[in-house]
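# Inside the fold
Each chain is listed here by its residues.
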Amino acid sequence: MTTPPPRTRREARGLDPHDASDSAELGSDAPDSADTTDAHARTDAVDAAAAAKRAKAELIGRTVAIFVMPLIFVGMMITGYLGTMHSPTANDMPVVVAGSDTKAADTKFALDGNEPDALEVDTVDDAHTARQMVVDREASAAVVVKGKTATLYTASGAGAQQATTVTGLVMPTLQDEGLEVETEDVTPLPDNDPTGLGAMFLMTAIVMAGYLPFSVLRSNSPELLKFKRIVPILGAWAAVIAGLVWTVTCPILDIVDVKDTVAVLGVAWLGVFAIACVQLFITRLFGSMGVIFGILFLMVLGMPSSNMAMPVYTMPPFYRFTHEFLPMPAIGESLRSVLYFNGTGVTGHLLVLAIGAVVGLLLTKGYDFISHRRNPDPQPLTVNIPSLHGGRRPDSKVLRYISLAIFPLAMVTMMITFMLGAMGSPTPKDMPVTVVGSSSEQAKDTIADLEKSMGKDMFDFTATTDEDEARALVEDRDEVAALVLPTEQNPDFTLIANESGNNSAYRVVNQVFDQVASAQDMDLQVDDVAPLPDRDKNGVVVMYVAMGWVLAGFMVVIVGANANPWSRPLKRMLPLTAVYSPFMSLVVALIAGPITGAVDGHFAQLWGDGIIAIFCIAMFAMIFERLIGMLAIIPVIGTLMFAGMPASNGAISEYMTPTFFSTLHDVLPMPAAVETIRSIIYFDGDVVTEHLQVLGLWGLVSLALVFLIDSVKPPRTEHDFGNLHLEQEREKAKQRAKQAKALEASAPLRTVSAHRSPASSQTVRSTVVEDSPGETSSPSQVASPAEAADRRVAPTAGDGLNHRRTEATAESAAGGSAAGDEHEWIPSTV
């Protein structure tokens, strides 16, 4: 049985409750019963028409939200990442120079002349100071000149990418000055974390754990947001996450050293707690939309500012400013200090987190105080998501709270295990390389020597004498590289490689075979068949565009099922997705092309193929949404992102991840999307068809499974809030009890006021009686239908659904008029 929607004030004024009494007093002027019945009928018709109009407007609004929410989320994430990280360029990277006054001045002048914008060069008094500034991360590199020798100090612990970038900028200038250059890494990365990704993925997991609970808490169990409840909950939650991430990274993955256990646990606890306190205040300001603003503040701005994935000195200058106070950079730098620098420099970053936690709590408390002063009896919060599993709202709070914890726990666990476990220590494994010799015997002998020195696991060598065939294999990405052995006509080694095929694999073969050539006192000539453009220096554009397709695909299903469950049946969801897919594919194509400049051209191809990818991914997400509701995010994101990213051949080569992920490269949607985009942008669409077939197969099989599920269990089109109204009545009773105790405590003051002003005393008594069950109110306190309608809250996603009216009516009869409200409300957070 459905609950009728509330009337507006204008509609309520259409039927004045005092008309009947006024008419009786007028005697002969009073209308007869037939006229009264007609008036009531007309009013009911007006009410019904207004209700239908509001229902239609709400349906439209909720349908629009299915487009708007993904637009905001995907647009924000992809624009933020692509706009800042597709083409990192060094800008004012600090370098210090030491040596004699003349040598130091000459070297500084040379560096300033060759790299005037990229480097900010300064001189220091002595070599010890220069080296220590690198250790303290006050400088990206230091150059110490003695005679004809220059020592270049870097710290890969401060960022492997930063060390590589600054070396590439400084080294050519020093060599041009005729100096013999020696390099020293003052803080090398440990063998169990050779790329420094351990701190980055730990940081990301901590930030996710801080804001993810609020993504559903406000809409499912807002009673937990009361200040006295939420603060101890956040403290316990931070402890759980700290233990979880340590367990995964220390005893399981061996990324964190045992000696750093206490420090890592402390940083993780403080990081989660600080992020959660900040997100708590954001949720106070923006309600259920607070998660969007939290992601913008914590992730979209935080990742480019973090100095973890990319050096902050290669980001726009704005991010150097935000690096100083955002919580994500503070967490990342704290972990970096602990893991790679023995705790040096951690204090300042911990102070940022502590201040953030205190400020977040104080602002939340201040907001609650001001809100209570302005409105001591605030409008109760509504519940828009009855359950995360998609069924009836659980009657047990324990079950509901367990489901709330499962969602962020599973997401954090999958992120840190899959991503860090697969990408934390990238090592070449069976990377296909062709060796081209003047004869088969020469090629085979060289392969034997290489396998003897390198082992047989790193590369999968193939011998050939046809250089053109080898080049074709590299161009088609069937081989990562081809090593052409020296001949009489060409006395150097030649490496045929494909940078656009995968940048990480390209760098590995360059480094390895440059060492092979150097061991033979020869140079390595690199023939890059498909170099990356400056707008995509690191080859990550394909990954971020594919991420946009994947996020857009699953969000339409999750948002649609919760914002407007009416859209869930296939007869409605299929047409809606058919409109949504071109819309979101257009958004991603516009971001990649005209907005960020990460992609030049290929607009129509990206748009068209994006439509197919988004639609097919939406069908896959629909399977799990049918089965487990909003918790579908866990298996969907786990399959598409956490397993798909390491297998995608995007940021890291498929030949540098564990075998489990490399075998998934040809079957998962994320790798298919990455390879489709790479083929379009860099290789004239040569393999688009085969990868679109993978996506299409996922879509067709998923659609068939959805048909099967719907035939067994028809999809719900309404939320089932179960006994939510009974929970609300109990909470209201508690509130009334608290108010009664407060009034009893102030009874002496009311007695004094009664002697001074009887009218004032009567006012106090009327306030007490108004909400007291079992007492009779005076006629002046009886609310008119118009006033009662005006006090009803706006309809929520649960209005018009199964509220068990019979049960509520019985409760009302037992509890008096105070228990008779049937609309959805729960106690305020203040």
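Residues numbered from 1 in each chain as written. Predicted model: local features only at pLDDT ≥ 70, side-chain atom pairs only at ≥ 80, totals over all residues. Heavy atoms only, no water.

### Re the sheet that holds strand β5 (residues 180-185)
The strand order across the open sheet formed by five strands is β2-β1-β3-β4-β5, and the pairing between neighbours is mixed. Each edge of the sheet is formed by a strand with only one pairing partner; in this case those strands are β2 (119-123) and β5. The average undirected angle you get between the axes of adjacent strands in this sheet is 20°. As judged from the five bridges shared by strand β1 (residues 93-98) and β2, these two strands associate in the parallel manner. Bridge pairing in β2 places methionine 93 opposite leucine 119. Helix-sheet contacts for helix α5 (residues 127-135) involve β1, β3 (141-146), β4 (149-154) and β5, and the interaxial angle to β3 is about 160°. Strands β1, β2, β3, β4 and β5 of the sheet are contacted by helix α6 (residues 160-176), whose axis makes an angle of about 170° with β4. (Pairing = 2+ DSSP bridges. Helix = DSSP H or I, 4+ residues; strand = E, 2+ residues; numbered from the N terminus. Axes fitted to C-alpha atoms, helices over the stretch in contact; angles between N-to-C directions. Contact = heavy atoms within 4.5 Å.)

### What about the packing of aromatic side chains?
What the rule picks out here adds up to 15 aromatic pairs. With 5.0 Å between their ring centres and 10° between their planes, tryptophan 269 and phenylalanine 273 make a pair best called stacked. Of this pair, tryptophan 269 and phenylalanine 273 both sit in helix α10 (residues 261-286), four residues apart, roughly one helical turn. By relative accessible area, which is 32% here, tryptophan 269 ends up partly exposed. Ring centres of phenylalanine 286 and phenylalanine 293 lie 3.9 Å apart, and the angle between their planes is 15°; on these two criteria the pair is classed as stacked. For phenylalanine 286, a relative accessible area of 38% corresponds to the partly exposed category. Three or more aromatic residues joined by ring pairs make a cluster, and in this case those are Phe67, Tyr580 and Phe583. Lying across the ring of phenylalanine 341, arginine 137 places its NZ or CZ 4.1 Å from the centre. When the ring centre of phenylalanine 683 is taken as reference, the NZ or CZ atom of arginine 477 above it lies at 3.8 Å. (Phe/Tyr/Trp six-rings, centres within 6.5 Å; stacked < 30°, edge-to-face > 60°. Buried < 20%, exposed > 50% of the residue type's maximum accessible area, 1.4 Å probe, protein only. Lys NZ or Arg CZ within 6 Å of the ring centre and 35° of its normal.)

### Side note on the confidence of the model for the protein chain
Looking at the protein chain, pLDDT values average 84 and 85% of them are 70 or higher. Here residues 1-31 scores under 50 on pLDDT; set against residues more than four positions off or in separate chains, the count is 40 contacts. Taken together, the stretch residues 756-830 has pLDDT below 50 and engages in 120 contacts with residues farther than four places along the chain or on a different chain. (pLDDT = per-residue confidence, 0-100.)

### Details of unusual backbone geometry
Located in the positive-phi region is arginine 137, a residue other than glycine, with phi close to 60°. Structurally, the position occupied by arginine 137 is in the loop between α5 and β3. The backbone phi angle of asparagine 307 is positive, close to 65°, even though this residue is not glycine. Mapped onto the secondary structure, asparagine 307 falls in the loop between α12 (302-305) and α13 (318-322). Classification of asparagine 307 by relative accessible area gives buried; the value is 10%.

### Regarding the pairing of strand β10 (residues 524-528)
Note: strand β9 (residues 493-497) against β10, five bridges, orientation parallel. Among the inter-strand pairings, phenylalanine 493 is bridged to a residue of β10, identified as leucine 524. Regarding the hand of the β-α-β motif, the stretch spanning β9, helix α19 (residues 503-519) and β10 is right-handed. (Right-handed = clockwise from strand over helix to strand, strands pointing away.)

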